[in-house]
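Chain by chain, the residues:
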Amino acid sequence: MKEDRPAPGTLFLVGTPIGNMGDLSPRAKETLESVSRIAAEDTRRTGLLLARIGVRAPMLSFHAHNEAKRIPELLAMLARGESVAVVSDAGNPGISDPAERLVRVAVERGFAVVPVPGPSAFVAALVASGLPSGSFVFEGYLPNRAGARRDALRALRSERRTILLHESPKRVAALLEDVRETLGDRRVVLAREITKKFEEFARGTAGELLARLRERAPKGEFVVVVEGAPPGEPLEDEKVLEIVREELAAGRTLRDAVRAAARIARWKEQEVYRIVRGEER
């Protein structure tokens, strides 16, 4: 019997393994043993985890399709003094999932929120990538639609930090093609099956990795680590005009296209307007 029990009305965010069961921390196990309720993204999957570590606890599902109903229910449990642990299928809850919204409201209501950290696929991919890890930006999954995905990448064109993305095996080749077209043939690392038996890191330029994927069908979920933009010199007039044209072709207004070009080229907006007007004459 455990001596320490969670404080009443506490919300725990418990990190779970992303592949290797040995990565479940003793603290995570203790927390799952002691809480009143576990809110799980997939109760069947979490049930297998709990059975494996010998934990029995009441569960309820909490995912993107029932969050509108579940968040008020979970807040009511906390208000009654119950302790609740939130877990995702793998990794840390609260990143690109409904736990983010639950935490925001719980904090607003004055409930204690306690993280119990665990493995993170994108952090593991970053530190093992060989690309700069001191400063990075995590973008998660980009839009499925090709046009929207390229727009999202264009917005990252001047980003000097290392860029971290998630992608499915069905779309990873299309993502690499878009990276090459919008960001240039930068260095990229594809990380898959992290912490699992067939863990793999593939390194090369976007074009080189694209060629490899065409030879062998990709499997498993990917973390895509993309080199940030090089410092370089300010862009020449024609390159700046090319950016403006691309932004206009993507449906941007002239004002927004000029702003985007100025940001990427590190020019003042007036200077961009100057060469745009010169082209119009």
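Above: the structure in question.
So, a few notes on the structure that sits alongside this text. Please read these numbers as outputs of a predicted model, since none were measured by experiment. (Residues numbered from 1 in each chain as written. Predicted model: local features only at pLDDT ≥ 70, side-chain atom pairs only at ≥ 80, totals over all residues. Heavy atoms only, no water.)

1. Some details on the nonpolar core
Among the nonpolar cores identified, the biggest contains 21 residues, and Val179, Val188, Leu190, Val224 and Val226 are the most heavily contacted of them. Listing elements by their share of this core, those giving two or more residues are β7 (162-167), α7 (172-183), β8 (187-192), α8 (206-215) and β10 (222-226). With five residues, α7 is the largest single contributor of residues to this core. Aside from chain neighbours lying at most four places away, what touches Val188 is Leu176, Val179, Ala202, Arg203, Gly204, Thr205, Ala206, Leu209, Val224, Val225 and Val226. Grouped together as the second largest cluster of nonpolar side chains are 17 residues, Leu74, Val84, Val86 and Ala99 included. (Core = buried A, V, L, I, M, F, W, Y, C linked by side-chain atoms within 4.5 Å. Buried < 20%, exposed > 50% of the residue type's maximum accessible area, 1.4 Å probe, protein only. Helix = DSSP H or I, 4+ residues; strand = E, 2+ residues; numbered from the N terminus. Contact = heavy atoms within 4.5 Å.)

2. Regarding the packing of aromatic side chains
A ring pair, where both rings are aromatic, is described by two values, the distance of the centres and the angle of the planes. Under the definition given, this model contains two aromatic pairs. Geometrically, the ring pair formed by Phe122 and Phe138 is stacked, given 4.1 Å between the ring centres and 15 degrees between the ring planes. Of this pair, Phe122 sits in helix α5 (residues 121-129) while Phe138 sits in strand β6 (residues 136-141), and the two are 16 residues apart along the sequence. Assessed through its relative accessible area of 12%, Phe122 is described here as buried. On the basis of relative accessibility, which here comes to 24%, the residue Phe138 falls in the partly exposed class. Connected via pairs of aromatic rings, a cluster forms that spans Phe122, Phe136 and Phe138. (Phe/Tyr/Trp six-rings, centres within 6.5 Å; stacked < 30°, edge-to-face > 60°.)

3. A word on the sheet that holds β10
For sheets, the rule is that strands pair by backbone hydrogen bonds, running either parallel or antiparallel. Ordered by their spatial adjacency, five strands build an open sheet running β6-β7-β10-β8-β9, and the pairing between neighbours is mixed. Two strands in the sheet have a free side with no partner beyond their single neighbour: β6 and β9 (200-205). Put simply, the sheet's adjacent strands are angled 20 degrees from each other on average, direction ignored. Bridging between β8 and β10 involves five bridges; their strand directions are antiparallel. Along β10, the bridge assignment pairs Val189 with Val225. The strands that α5 touches are β6, β7, β8, β9 and β10; relative to β10, the one it contacts most, it runs at about 45 degrees. Lying over the sheet, α7 contacts β7, β8 and β10, oriented at roughly 10 degrees with respect to β10. (Pairing = 2+ DSSP bridges. Axes fitted to C-alpha atoms, helices over the stretch in contact; angles between N-to-C directions.)

4. Overview of the environment of Val226
Note on placement: Val226 falls in strand β10. Sequence spacing of Val226 and Lys196 is 30 residues, and the spatial spacing of their C-alpha atoms is 22 Å. Apart from the residues within four sequence positions on either side, Val226 is in contact with Leu131, Thr162, Ile163, Leu165, Val179, Leu183, Arg186, Arg187 and Val188.

5. Overview of the environment of Arg80
Take Arg80: it is sitting in the loop between α3 (67-79) and β4 (84-87). Arg80 sits 106 residues away from Arg186 along the chain, and the two C-alpha atoms are 53 Å apart. In this structure the side chain of Arg80 is engaged in a polar contact, spanning 3.0 Å, whose partner is the side chain of Glu82. (Polar contact = N/O pair within 3.5 Å; in protein donor to acceptor, adjacent residues only side chain to side chain.)

6. A short note on the packing of helix α6 (residues 146-154) against α7
Interaxial distance between α6 and α7 falls to 10 Å at its minimum, and their mutual angle equals 45 degrees. Between α6 and α7, the interaxial angle falls into the category oblique. In this structure, α6 meets α7 at a crossing whose hand is right-handed. Residues Ala146, Arg149, Arg150, Leu153 and Arg154 of α6 touch α7, and the partners they reach there are Ala174, Leu175, Asp178, Val179, Glu181, Thr182 and Leu183. (Parallel < 35°, antiparallel > 145°, perpendicular 65-115°, else oblique. Left-handed = near helix turned anticlockwise from the far one by under 90°.)

7. Re the side chain of Ser88
In this fold, Ser88 is placed in the loop between β4 and α4 (99-108). From its side chain, Ser88 meets the backbone oxygen of Ala90 in a polar contact 3.0 Å long. At 3.5 Å, the side chain of Ser88 and the backbone oxygen of Gly91 are in polar contact. The contacts of Ser88, once residues within four sequence positions are left out, are Thr16, Glu41, Pro93 and Asp97.

Nothing here speaks to function; it is geometry throughout.
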